[in-house]
Amino acid sequence: MSDIIETYKKNTRRSAKADERVKRSIIGGNSRGAAVWQPHTLTVERGEGSQVFDADGREYTDLINNFTSLVHGHAYPPIVEAATRQIAQGTAWTANNHGQAELAETLIERIPATESVRFTNSGTEAGMLALQIARAITGRLKILMSRFGYHGSLMEFEIGTFGGFLDFHGADTTHTATYNDADSFEQVLAEHGSEIAAVFVEPVMGAGGVVRGETEFLERVGKAANEAGALFVVDEVITYRLSTGGEQMNRGIEPDLTMLGKLIGGGFPVGAVGGRREYMKIFDPTEPKSFHSGTFVGNPVTMAAGVVSTRELTQERIDTMAGLCDRLDVSLHSSARKLGLPFSTNREGSMLNVFFQHEAPTQGPLRNDEKEITLFYLAALNRGLLMATRGMIALSTVMDEARIDDVAERAAAAMADLAAELG
Ligand SMILES: Cc1ncc(COP(=O)(O)O)c(C=O)c1O
């Protein structure tokens, strides 16, 4: 039996009990597929700053920050203050609130291609809304996206990540092409362009392994989409943390629509679509062409927290996080080298994905380190580090050099545990 797995089980007995209980009512033990692992998922009871605390009272540095959304860490005091003030004044009503305008204005000011915004409850819903707009504008049904791309858990999008589900999801509505291969997108558009409403692309694939989309690739895909009469949708749900104007500003690209989510809700459920006024106009209630609503869309608590989270993500903080992530990246490579482990990373700003193989993938999660990453993930938990099961890391603004050096030491110990176990 694996020492790493045995240690994890010993460390997390109360989480094991909680897992047994939840599995009786929720098959798999969590409604959230991306937060499940074996032998049992951790139950976390509290988060503060860069740290979380589990049901057994153990402390972890949170290196994934709810998949990039807690860009200021847990219980960030200015967000707690704004959200609790709003909660005390009521959490939702069937009318407008000031926070919605404030967050919309902030996003429009920051993201050049965004002239008007609509909010949703999640990034998945942002994808649904972007698709709705593209269908209404073009009168077409289908989409084109990257194989291994992730735009949320909507049937039309699932195909990219979970190819095996293709037979009964999305097959009639979704074309795929190869990430970082503009020819492959152009070819699909040449053949099927007249039926494609929108081309979706992540400027950096998050779920796909923090894979940077080459700028020329993004430019060519955008151009080919527009030439085919389709809308070019850039999904910045994760990458908005890479600059105050999103990754599109770093690359100088101007999509027709931008999907947002995660950090713009300050830790509360959120999504948004931004775009040119001519597209967003379909929702103008004085001459409606389409309808979009939701009971909790633009709710005052999310908006209050989101305004603080977004405004406090300054370029200076973005640059500091990127520097810290680079420091961590260098340390991780050095530790792996000393242990003789095959190792590579994809890093983009404050995000990183580790791979226990010589080459990091460039077109999606094409990896052959399933055993190593699974064991390293648990070894890292044993050493007090929480990341994504696939080895993704996203830092927060409340981390400093001392914290990163502590993380690097713990990661080195986890790698040594892995090396020992692999023999
Ligand atoms: C690039 C991207 N788009 C969309 C989504 C979906 O967002 P949500 O999980 O809020 O529905 C995600 C979630 O991880 C994402 O990474």
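Residues numbered from 1 in each chain as written. Predicted model: local features only at pLDDT ≥ 70, side-chain atom pairs only at ≥ 80, totals over all residues. Heavy atoms only, no water.

Regarding the sheet that holds strand β7 (residues 196–201)
To summarise the sheet geometry, strands pair through backbone hydrogen bonds and adopt either a parallel or an antiparallel arrangement. Overall, mixed pairing links the seven strands, which are arranged β4-β12-β11-β10-β7-β5-β6 in an open sheet. Whereas interior strands pair on both sides, the edge strands pair on one side only; in this sheet they are β4 (116–120) and β6 (174–177). Within this sheet the neighbouring strands show an average axis-to-axis angle of 20°, counted without direction. Where strand β5 (residues 142–146) lies against β7, three bridges are found, and the strand directions are parallel. Bridge assignment links L144 to a residue of β7, and that residue is V199. Against the sheet, helix α4 (residues 98–110) engages β4 and β11 (257–261), with an angle of about 125° to β4. Packed on one face of the sheet, helix α8 (residues 215–227) meets β7 and β10 (231–235) and runs near 145° to β10. (Pairing = 2+ DSSP bridges. Helix = DSSP H or I, 4+ residues; strand = E, 2+ residues; numbered from the N terminus. Axes fitted to C-alpha atoms, helices over the stretch in contact; angles between N-to-C directions. Contact = heavy atoms within 4.5 Å.)

What about the pairing of β4?
Of all five residues in β4, four are buried; the element is thus mostly enclosed. Note that β4 and strand β12 (residues 271–275) share five bridges and pair antiparallel. Its bridge partner lying in β12, T120 is registered against G271. (Buried < 20%, exposed > 50% of the residue type's maximum accessible area, 1.4 Å probe, protein only.)

Observations concerning the packing of aromatic side chains
By the definition in use, this model includes six aromatic pairs. Residues F185 and F217 carry aromatic rings whose centres are separated by 5.5 Å and whose planes lie at 70° to one another, so their mutual orientation is edge-to-face. Of the two residues, F185 is situated in helix α7 (residues 182–192) and F217 in helix α8; the sequence distance between them amounts to 32 residues. Connected via pairs of aromatic rings, a cluster forms that spans Y179, F185 and F217. Between the NZ or CZ atom of R46 and the centre of the ring of F53, over which it lies, the distance is 4.1 Å. (Phe/Tyr/Trp six-rings, centres within 6.5 Å; stacked < 30°, edge-to-face > 60°. Lys NZ or Arg CZ within 6 Å of the ring centre and 35° of its normal.)

Details of the nonpolar core
If you look at the biggest cluster of nonpolar residues, it comprises 49 residues, and the most contacted ones within it are F356, F376 and L381. Contributions of two or more residues to this core are made by α1 (3–11), α12 (315–339), β14 (351–355), α13 (370–382), β15 (385–386), β16 (392–394) and α14 (401–422). Shared between two domains, this core holds at least three residues of each, these being domain 1 (3–71 + 314–422) and domain 2 (77–311). Those residues within four positions of F376 in sequence are excluded, and the remaining contacts are V354, F356, M387, A411, A414, M415 and L418. Residues A130, L231, L257 and V273 belong to the second largest nonpolar core, which totals 23 residues. (Core = buried A, V, L, I, M, F, W, Y, C linked by side-chain atoms within 4.5 Å. Domains from an automatic or database assignment.)

Comments concerning the sheet that holds β14
The sheet built from three strands is open, its strands ordered β13-β14-β16 with antiparallel pairing. Two strands close off the open sheet at either side, each with one partner strand: β13 (344–348) and β16. With strand direction ignored, the average angle separating the axes of adjacent strands in the sheet is 15°. Across five bridges, the pairing between β13 and β14 is antiparallel. Each bridged residue has a counterpart across the sheet, and for S344 the counterpart in β14 is F355.

Overview of the domain arrangement of the chain
Entries for the chain in the domain assignment read domain 1 (3–71 + 314–422) and domain 2 (77–311). Computed from C-alpha atoms alone, the centre-to-centre distance between domain 1 and domain 2 is 27 Å. Contacts between the two partners involve 28 residues from domain 1, matched on the other side by 26 residues from domain 2. Carbon and sulfur atoms make up 60% of the surface buried where domain 1 meets domain 2, a total of about 2200 Å² over both sides. Sorting the residues of domain 1 by area buried against domain 2 places E348, M351 and Q363 first, and these three jointly supply 27% of that buried surface. (Buried area = accessible area lost by both parts, 1.4 Å probe.)

Focus on the site of the ligand
Around the ligand, the neighbouring residues are S122, G123, T124, Y150, H151, G152, E202, D235, V237, I238 and K262. T124 places a side-chain nitrogen or oxygen 2.6 Å from an oxygen atom of the ligand. Within the side chain of K262, an N or O atom sits 2.7 Å from an oxygen atom of the ligand. Coverage of the ligand by the protein amounts to 83% of the 390 Å² it exposes when considered alone. Taken together, the residues of the shell around the ligand sort by class into three nonpolar, five polar and three charged. (Near = heavy atom within 4 Å. Polar contact = N/O pair within 3.5 Å; in protein donor to acceptor, adjacent residues only side chain to side chain. Areas by Shrake-Rupley, 256 points an atom, 1.4 Å probe, with all protein chains shown as cover. Nonpolar A, V, L, I, M, F, W, Y, C, P; charged D, E, K, R; others polar.)

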